[in-house]
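Breakdown of the fold
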Amino acid sequence: MTDTDHLTADDAARARHTADRFREVYGAAPAGVWAAPGRVNLIGEHTDYNDGFVMPLALPHTTLAAAAPRTDGVLRVHSGDGSGGGQTVELRLDALRPAADGGWAGYPAGVAWALRDAGLPVGGADLHYESTVPVGAGLSSSAALEVATALALDDLYGLGLTRQRLAQLAQRAENAFVGVPCGIMDQTAAACCTDGHALFLDTRDLAQRQVPFDLAGEGLRLLVVDTRVKHELGDGAYAQRRAMCERGARALGVHALRDVPYAHLPEALDKLAATDEEPGGGKGDGGPGTAAVVRHVVTENRRVEEVIARLDAGEARAIGPLLTAGHASLRDDFRVSCAELDLAVEAAGAAGALGARMTGGGFGGSAIVLVEETDADAVAVRITEAFAAAGHTAPRIFPAVPSAGARRLV
Ligand code: ADP
Ligand code: MG
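Residues numbered from 1 in each chain as written. Chains lettered and ligands numbered in written order. Predicted model: local features only at pLDDT ≥ 70, side-chain atom pairs only at ≥ 80, totals over all residues.

**Structural notes on the sheet that holds strand β9 (residues 220-226)**
- Pairing is antiparallel across the open sheet formed by 4 strands, whose spatial order is β10-β11-β9-β12. Strands at the two margins of the open sheet, each flanked by one partner only, are β10 (355-359) and β12 (396-399). Taken over all neighbouring pairs, the strand axes of this sheet differ in orientation by 25° on average, direction set aside.
- Running at roughly 165° to β10, helix α10 (residues 339-350) makes contact with β9, β10 and β11 (366-372) of the sheet. (Pairing = 2+ DSSP bridges. Helix = DSSP H or I, 4+ residues; strand = E, 2+ residues; numbered from the N terminus. Axes fitted to C-alpha atoms, helices over the stretch in contact; angles between N-to-C directions. Contact = placed C-beta atoms within 7 Å.)

This is the structure we're talking about:
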């Protein structure tokens, strides 16, 4: 291990710990330690599979990968979080096959598979992970795991991948190997976010812009409220919403819902009302109608543009109502919220927050709450009390400090 002078005390301690654990597991020192963060999405939800806009920021919570190359074509992975009963999983690279249910090891194995399938000269490796990203909380621990792995392999094998390419290959691992049909946002956030910024990403052409988001400087805080409700139940609903977006785009004769300009939304909704089997939404199963799904995506893209305009104007406070409007749209039109997320947003508003919304795919996971720094503790207490009064599991609440994307620590 080389020196850690350039690191924060926390990163240095965690890098050392991860390297020590690697040594215990594999009996030799790692070649390096890499980190990739979890994320929250500030605005732009369920837009990334509609060629639309997203705006994630990286959390200070990271997944660390200590890694060393191997010359025998074997991949060994081990996680400090006890996944897979704390066992080391050993796989032959040339035997990796998509969609074989490899449990958690499918994420790192999928990354090695995606890199090799892209023709990149990746050989074997030993990897050990230590993570502070809450798992299954909608904060994208899966992308953190994938991107930490991809960056480690990129460095170990001198691949020279751009960050965006790295994110695309990590997404391919999750889509094609693990079998989760996620968009490109999470991996791009983990790979490309920078300290003190939210990342504007146009998911059509992958154009990016780092938008300054100086919460502390403006006396603001962004809280994450992890509802502790696992979002796995939403898998079927996610696929169903994607299919509905595609149906809406077809009915409107556009390639993707991104192509419906906000100014043309009224005409688009009229057109759908004339063709939709159940105009106005309400499929009887609690799911939305096509018009409602289209309205969410088109207005959500618009909200992303408005959030950027306000941040560029130095008016971070003014994004609050846009966050809350985004939540209403996800709850009422897209119908991917749940009681706990709605309660977090409602209690935050009642306690004087500037704005709040669910973040991530929905059906559980986390909400974000924008508050004056001076109100942050009181708002957190009010949300916790509201959960207790409703008989819900106590939420986990912590600040989302816009942090750095993936990087090599040592
Ligand atoms: P999210 O990405 O929102 O946290 P996912 O269900 O997409 O939730 O991904 C969580 C899965 O990713 C876990 O069930 C586990 O398989 C894997 N995972 C994430 N982080 C780790 C880790 N540090 N060690 C082992 N597996 C992990
Ligand atoms: Mg995930």
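**Side note on the UniProt feature "active site" (unreviewed entry) in the protein**
- Summarizing the sequence annotation, UniProt attributes the feature "active site" (unreviewed entry) to Asp186 in the numbering used throughout.
- Using a count of 29 C-beta atoms within 10 Å as the deciding quantity, one classes aspartate 186 as buried.
- Ignoring any residue separated from it by four or fewer positions in sequence, one finds aspartate 186 in contact with Arg39, Ser140 and Ala143. (UniProt positions renumbered as here; feature names shortened; annotations may be inferred. Buried ≥ 20, exposed ≤ 12 C-beta atoms within 10 Å, placed from the backbone.)

**As for the site of ligand 1**
- The local shell around ligand 1 holds 17 residues, among which Ser79, Trp104, Ser131, Ser141 and Ser142 are the closest.
- Counting residues per element, the ones that place at least two in the shell around ligand 1 are β6 (124-131) and α3 (141-156).
- Its residues assigned to classes, the shell around ligand 1 comprises 7 nonpolar, 9 polar and 1 charged. (Near = placed C-beta within 6 Å. Nonpolar A, V, L, I, M, F, W, Y, C, P; charged D, E, K, R; others polar.)

**Observations concerning the UniProt feature "domain: GHMP kinase C-terminal" (unreviewed entry) in the protein**
- The UniProt record annotates "domain: GHMP kinase C-terminal" (unreviewed entry) at residues 312-388.
- When the span residues 312-388 is considered, its composition is 53% helix and 16% strand, and the gap between its end C-alpha atoms is 39 Å.

**Considering the sheet that holds strand β8 (residues 208-212)**
- Across the sheet, 3 strands lie side by side as β2-β7-β8; this open sheet has antiparallel pairing. Where the open sheet ends on each side, the last strands, each with one partner, are β2 (53-54) and β8.
- Sheet topology note: the strand β7 (residues 197-202)/β8 ladder contains 5 bridges and is antiparallel. Considered in β8, the bridge of histidine 197 is made with proline 212.
- Docked against the sheet, helix α5 (residues 185-192) engages β2, β7 and β8, running at close to 135° with respect to β7.

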